[in-house]
Amino acid sequence: MNPRLFLAGHTGMVGSALRRYAAECGSWDIITAPRSVLDLCDSAATTAFLQANKPEVVIIAAARVGGIHANNSLPANFLFENIQIASNLIHASFLSGVKRVLFLGSSCIYPKFAPQPMSEDALLSGSLEPTNEAYALAKIAGLKLCAAYRRQHGCLFHSAMPTNLYGPGDNYHPEYSHVIPGMLRRFHEAKVQHSPEVSIWGTGTPRREFLHVDDLAKGCFHLLGIENPPDWVNVGWGEDLSISELASQVAETVGYHGRIVNDLGKPDGTPCKLLDTSLMKSLGWSPSIRLPEGLRSAYGDFLARDLEKTLRC
Ligand code: GDP
């Protein structure tokens, strides 16, 4: 019989990728719960659900997520909801005898000025980037909760810290999205409207690293196969590029040939955010989807959703 896996957050970009990969593997009995059935911010309901469904493994991919603008303007939502989701699921897993929990965090847990590339031991060595401090604090709390339950109770609760992610199922909201889906949408709209120029947020000088969500899904299941994993492990691509360089690649992917200008009224966020991925490599895993190929698949997803929306209207 396949092990029972509860995938919390199965409808999000990360959860959907995990679900696709788990289904492809065919070696998991996947349990999911839509928000209408289980509110992960409700502690009693979360415990009752896990006790009734008895998963052996829980992956926590549920979170309130968003780009720099969403993080910066909704700090109470990002901190409160993400702490609740993490603590409810981790404690409920403990109470329900779940054998293994994999908690998903983010590279924004590391200090704003951490030495690059950022290794796991940079955690809590300095102040956080203010634009995503609320999200980062909630993710640090989740990671530390897993480590604390592991140390105190001996349960195998551990975490993965992915870099900036993108791919099918992303959020293409014009304001609240991350940079890749935000740019795909704006560059596409500029192309169809024949706009002579399109703007990108900030100076274009910050550097970011991007990982395709299908790579992350494979990395997560690789970690679940390790007998004694580290408390938390970085999962990244291993190279970064500037936001201006990214904009050129997005323009090429979309086929937009106009000018790219900077909207300096928007924040830059942290200057660079590149993960040291040597620990994950030493555990036997590396990603494989290069950015140009990944951008093409993300743009294909955007077009499919856009078409669906048009057909629905
Ligand atoms: P961050 O890594 O937490 O800062 O998250 P984002 O993905 O939201 O932003 C990454 C960088 O891209 C920041 O420097 C943004 O200012 C920049 N950026 C440029 N254009 C856009 C855009 O259209 N949307 C977003 N979200 N960021 C953009």
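Whatever comes next refers back to the structure up there.
A brief look at the structure comes next.

This part is about the site of the ligand. In the vicinity of the ligand lie 17 residues, with Ile68, Arg186, Arg208, Pro267 and Asp268 positioned nearest. Val179 is positioned such that a nitrogen or oxygen atom in its backbone is 2.9 Å from an oxygen atom of the ligand. In the environment of the ligand, a nitrogen atom lies 3.0 Å from a nitrogen or oxygen atom belonging to the backbone of Trp201. Protein contact buries 97% of the 530 Å² of open area that the ligand shows by itself. Elements with a contribution of two residues or more to the shell around the ligand: helix H6 (179-192) and strand S7 (197-201). Looking at the shell around the ligand element by element, the count peaks at three residues for H6. By residue class, the composition of the shell around the ligand is eight nonpolar, five polar and four charged.

All right, on to the packing of helix H2 (residues 43-53) against helix H4 (residues 75-95) then. The interhelical angle for the contact between H2 and H4, taken along N-to-C directions, is 40 degrees, at an axis separation of 9 Å. In terms of orientation, H2 lies oblique with respect to H4. Classified by chirality, the crossing of H4 by H2 is right-handed. Between H2, through Ser43, Thr46, Thr47, Leu50 and Gln51, and H4, the contact on the second element is made entirely by Asn88, Leu89, Ala92, Ser93 and Leu95.

The topology assignment puts Tyr172 in the loop between strand S6 (164-166) and H6. Of the residues examined, Tyr172 reaches a relative accessible area of 9% and is grouped as buried. Not counting the four nearest positions on each side in its chain, Tyr172 is found in contact with Gly167, Ser177, Pro181, Leu184, Arg185, Ala298, Asp301, Phe302 and Arg305. Of the polar contacts made by the side chain of Tyr172, one reaches the backbone oxygen of Ala298; its length is 3.5 Å.

One open sheet accounts for six strands, arranged S2-S1-S3-S4-S5-S10; its pairing is parallel. Each edge of the open sheet is held by one strand with a lone partner, namely strand S2 (29-31) and strand S10 (232-235). Here the average twist between neighbouring strands, direction ignored, is 20 degrees. Relative to strand S3 (residues 57-60), strand S1 (residues 4-8) runs parallel, the two sharing four bridges. The partner of Ala8 across the bridge, within S3, is Ile60.

Moving on, we get to the environment of Gly154. With respect to the helices and strands, Gly154 occurs in the loop between helix H5 (133-153) and strand S5 (156-162). In sequence terms Gly154 and His69 are 85 residues apart; their C-alpha atoms lie 39 Å from each other.

Core analysis: the biggest nonpolar cluster contains 28 residues, and Val14, Leu18, Ile59, Leu104 and Phe221 have the highest contact counts within it. At seven residues, the largest contribution of residues to this core is made by helix H7 (residues 213-224). When residues no more than four places from it in sequence are discounted, the contact partners of Val14 are Ala61, Leu104, Leu165, Val213 and Leu216.

Rules used in this analysis
Residue positions within a chain follow its written sequence, with the count starting from 1. Restriction of local features to residues with pLDDT of at least 70 applies here, the model being predicted, together with a cutoff of 80 or more for giving and counting side-chain atom pairs; totals for whole chains, interfaces and linings are based on all residues. Processing note: side-chain calculations cover all non-hydrogen atoms of the structure and skip hydrogens and water entirely. We call a residue near a molecule or strand as soon as one heavy atom of that residue lies within 4 Å of the molecule or strand. Pairing of N or O atoms within 3.5 Å defines a polar contact, subject to two protein rules: one partner must be a possible hydrogen donor and the other a possible acceptor, and residues neighboring in sequence count only if both atoms are side-chain atoms. For every accessible area listed, the method is Shrake-Rupley and the probe measures 1.4 Å; residues are considered covered only by the protein chains on display. Only DSSP runs of H or I reaching four residues or more are called helices, and only runs of E reaching two or more are called strands; each is numbered from the N terminus. Charged means Asp, Glu, Lys or Arg here, nonpolar means Ala, Val, Leu, Ile, Met, Phe, Trp, Tyr, Cys or Pro, and polar covers whatever is left, Gly included. For every element, the axis is a line fit to its C-alpha atoms; helices are fit only across the contacting stretch, and the angle between N-to-C directions ranges from 0 to 180 degrees. Angle categories are assigned with fixed cut-offs, so that under 35 degrees is roughly parallel, over 145 is roughly antiparallel, 65 to 115 is roughly perpendicular, and the rest are oblique. Note on convention: near helix rotated counterclockwise from far helix by under a right angle means a left-handed crossing. Clockwise means right-handed. Contacts are residue-level and defined by heavy atoms, with any inter-residue pair within 4.5 Å sufficient. Only protein chains enter the accessibility calculation, which uses a 1.4 Å probe; a residue whose area is less than 20% of its type maximum is buried, one above 50% is exposed, and one in between is partly exposed. Between any two strands, at least two bridges found by DSSP are needed for them to pair. To qualify as a nonpolar core, a set must consist of buried Ala, Val, Leu, Ile, Met, Phe, Trp, Tyr and Cys residues joined through side-chain atoms within 4.5 Å.

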